[in-house]
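# Summary of the model geometry
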Amino acid sequence: MRAAIFRGAFAIQVEQIPDATILAPTDAVVRITHASICGTDLWPYRGQGTYQPGWQIGHEWMGMVEDIGSEVRTLKRGDRVIAPYDFCDGTCEFCRKGLDSACLQGGLWGFGHEGGQAEAIRARFADATLVALPSAVEGDEALLKALLPLTDNMAAGHHAAVSAGVRPGGTVAVIGDGAVGLCAMLAALRLGAERLIVLGHQAQRLTLARQFGATDVVTSRGEQGVRQVIELTEGGADAVLECVGTEEAINMAVNMTRPGGTVGFVGVPQGSGQIPLERMFSSNIGLRGGLAPARAYLPELLADVLAGKLDPSPVLDMTVSLAEVAAGYAAMDQRQAIKVLVQP
Ligand SMILES: [Zn+2]
């Protein structure tokens, strides 16, 4: 089968690798129909981090079950499934707490494991990890596209909103206009946010943010951006969703939170790790978040997409075939696309 392989900075290649097969009785083999490129995939692409040449890449995918191991009970051949970006055993302490991203036997697709930008995948812990989709989705390409961000970005956005304690009527600021930030806006509105301020820099993405329901747009960086949010909200946002991960973003987030409020952070931390602890102390500002438990969130987000109440599909603004996947990476790297759908 063909799969996207990381060969080094700016080198994602489609190569022939051994076919996906059942290796453990809890595995399924899934023929991938939809995959996508994540902002996280751009780090190895840009030569950052510890991604090893030869590893498969891609952690966002959906497909059709082609084969199941002898212990798989909830899935059968021909089922259409969606996977969270993280596989999980469903039985450990953390899975039972709804924190599958901390599963003791878990991991991320790609990152040395089977990858999702491929024709097929060996799906570990199939019963615990995969969620079967109703047959009503068949042939509804728009609906399938709306489901795909639930694999990662929409789960992350929801996690930011939940972690920050977004409540009906609340004022929410979202830092970041990438796919996760845009999904965080949808998540905040879904939880009842009344005023939604977005901080970003890309005109096209901010237009989409307005379409999604952002009430205010702030394009200033650093202290000026913080000042603007404090002015707009007369003292700070109740909940701030940090969807970037840079030191500047986390500092801005803490500094624009209303006393007693909470920052939900889902941007993967970069930089020194310094946070404004004194401001957190003096103004009782909480900081929660981290790797989203995407599997735990899947059922409720799935129900809303199927009911037509949630549609993150506009973040997928470019489509490529698997053979063209390198062009998809280049487009995201050069910010010509927010997020790329890959159709094997
Ligand atoms: Zn577990």
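The present account deals with the structure reproduced in this document. All of these numbers come straight from a predicted model, not from anything done at the bench.

Cut-offs applied
The residue numbering used here restarts from 1 in each chain and proceeds along that chain's sequence as written. Residue-level local features of this predicted model are given only where pLDDT is at least 70; pairs of side-chain atoms are given and counted only at 80 or more, and the full residue set underlies all totals for whole chains, interfaces and linings. As a convention, hydrogens and water are excluded, and side-chain values are obtained from all of the structure's heavy atoms. By definition, any uninterrupted DSSP run of H or I lasting at least four residues is a helix, any uninterrupted run of E lasting at least two residues is a strand, and each is numbered from the N terminus. With the radius of gyration taken over C-alpha atoms, the globule rule is written as 2.2 Å times the number of residues to the power 0.38. Note on classification: 1.4 Å probe, protein chains only; a residue is buried when its accessible area is under 20% of the maximum for its type, exposed when over 50%, partly exposed between these limits. Contacts were defined at the residue level, with two residues in contact if any of their heavy atoms lie within 4.5 Å. In this count, Lys and Arg are taken as positive residues and Asp and Glu as negative ones, while His and the chain termini are left out. Charged side chains are reduced to one point each, which is NZ for Lys, CZ for Arg, CG for Asp and CD for Glu. For Phe, Tyr and Trp, rings pair up if their centres lie within 6.5 Å, where Trp contributes its six-membered ring, and each pair is then called stacked (planes under 30 degrees apart), edge-to-face (over 60) or tilted (otherwise). Each metal's donors comprise the N, O and S atoms found within 2.8 Å of it (within 3.2 Å for Na, K or Ca). Water is not part of the atom list, so some coordination spheres may appear incomplete. Between 85 and 135 degrees for all angles marks four donors as tetrahedral; over 155 degrees for opposite donors together with 65 to 115 for all other angles marks four donors as square planar and six as octahedral; every other arrangement is irregular. For this analysis, a nonpolar core means a set of buried residues of the types Ala, Val, Leu, Ile, Met, Phe, Trp, Tyr and Cys, connected via side-chain atoms within 4.5 Å. N or O atoms within 3.5 Å of each other form a polar contact, as long as, within protein, one can give a hydrogen and the other can take it, and as long as residues adjacent in sequence are counted only when both atoms are side-chain atoms. Axes, fitted as lines to C-alpha atoms, cover a helix only where it is in contact. Angles between the N-to-C directions of the axes lie from 0 to 180 degrees. An angle below 35 degrees is read as roughly parallel, one above 145 as roughly antiparallel, one from 65 to 115 as roughly perpendicular, and any other as oblique. With the far helix as reference, a near helix turned anticlockwise by less than a right angle produces a left-handed crossing, and one turned clockwise produces a right-handed crossing. Gly is put with the polar residues, along with every residue not named as nonpolar or charged; the nonpolar set is Ala, Val, Leu, Ile, Met, Phe, Trp, Tyr, Cys and Pro, and the charged set is Asp, Glu, Lys and Arg.

## Brief notes about the overall build of the protein
When helices and strands are tallied, the protein shows twelve helices and 17 strands. Radius of gyration (C-alpha) of the protein: 20 Å, near the 20 Å computed for a compact globule of 344 residues. Across its three principal axes, the protein shows a C-alpha extent of roughly 60 × 40 × 35 Å. Split into buried and exposed, the 344 residues of the protein put 55% on the buried side. For the protein, contacts bridging at least 24 residues in sequence account for 68% of all contacts bridging at least 6. When the 27 basic and 37 acidic side-chain charges of the protein are each reduced to a single mean position, those positions are 2 Å apart.

## Some thoughts on the packing of aromatic side chains
Scanning all chains against the criterion turns up seven aromatic pairs. Aromatic pair Phe-6 and Tyr-51: ring centres 5.3 Å apart, planes at 80°, arrangement edge-to-face. With Phe-6 in strand 1 (residues 2-8) and Tyr-51 in the loop between helix 1 (42-45) and strand 4 (60-68), this residue pair connects regions lying 45 residues apart in the sequence. Summarising the burial analysis for this pair, Phe-6 and Tyr-51 share the class buried. Ring geometry for Phe-87 against Trp-109: centres 4.9 Å apart, planes inclined by 50°, an arrangement best described as tilted. Here the residue Phe-87 occupies a position in strand 6 (residues 86-87), and Trp-109 occupies one in the loop between strand 7 (107-108) and strand 8 (120-123), the gap between them amounting to 22 residues. The same class applies to Phe-87 and to Trp-109, which are both buried. Aromatic rings pair up to connect Phe-6, Tyr-51, Trp-55 and Phe-111 into one cluster.

## Focus on the coordination of the zinc ion
Bound to the zinc ion are the protein donor atoms Asp-89 (OD), Cys-92 (SG), Cys-95 (SG) and Cys-103 (SG), situated 2.1 to 2.4 Å from the metal. Around the zinc ion, the four donor atoms sit at angles spanning 93 to 122°, and that spread fits a shape best called tetrahedral. For the zinc ion, all donor residues lie on one chain, and their spacing in sequence is D-x2-C-x2-C-x7-C. Neither residue differs from the other here; Asp-89 and Cys-92 are each classed as buried.

## Looking at the nonpolar core
Soluble globular proteins tend to bury their nonpolar side chains together. Counting 54 residues, the largest nonpolar core has Leu-147, Leu-150, Val-172 and Leu-241 as the members making the most contacts within it. Mapped by element, the contributors of at least two residues to this core are helix 4 (141-147), helix 5 (153-163), strand 10 (171-175), helix 6 (179-190), strand 11 (195-199), helix 7 (203-212), strand 13 (237-242) and helix 11 (294-306). Among the elements that take part in this core, helix 6 stands out by supplying nine residues, more than any other. Ile-12, Tyr-45, Val-65 and Val-342 belong to the second-largest nonpolar core, a separate cluster that totals 36 residues.

## A short note on the environment of Asp-177
Tracing the chain through its elements places Asp-177 in the loop between strand 10 and helix 6. When the C-alpha atoms of Asp-177 and Ile-338 are compared, they prove to be 9.1 Å apart, with 161 residues separating the residues in sequence. Among all residues touching Asp-177, those that are not within four sequence positions of it are Leu-182, Leu-199, Gly-200, His-201, Gln-202, Arg-205 and Leu-206. At 2.9 Å, the side chain of Asp-177 forms a polar contact with the backbone nitrogen of His-201. Within the structure, Asp-177 has its side chain in polar contact with the backbone nitrogen of Gln-202 (distance 3.0 Å).

## Here's the deal with the packing of helix 5 against helix 6
Between helix 5 and helix 6, whose axes approach to 7 Å, the crossing angle comes to 55°. Considering their axes alone, helix 5 and helix 6 lie oblique with respect to each other. Between helix 5 and helix 6 the crossing geometry is right-handed. Residues Asn-153, Met-154, Ala-156, Gly-157, His-158 and Ala-161 of helix 5 touch helix 6, and the partners they reach there are Ala-179, Val-180, Cys-183, Ala-184, Leu-186, Ala-187, Ala-188 and Arg-190. Residues that form the contact of helix 5 with helix 6 fall into these classes: ten nonpolar, three polar and one charged.

## A look at unusual backbone geometry
Positive phi, normally seen in glycine, also occurs at Phe-111, with a value near 50°. Mapped onto the secondary structure, Phe-111 falls in the loop between strand 7 and strand 8. For Phe-111, a relative accessible area of 31% gives the class partly exposed.

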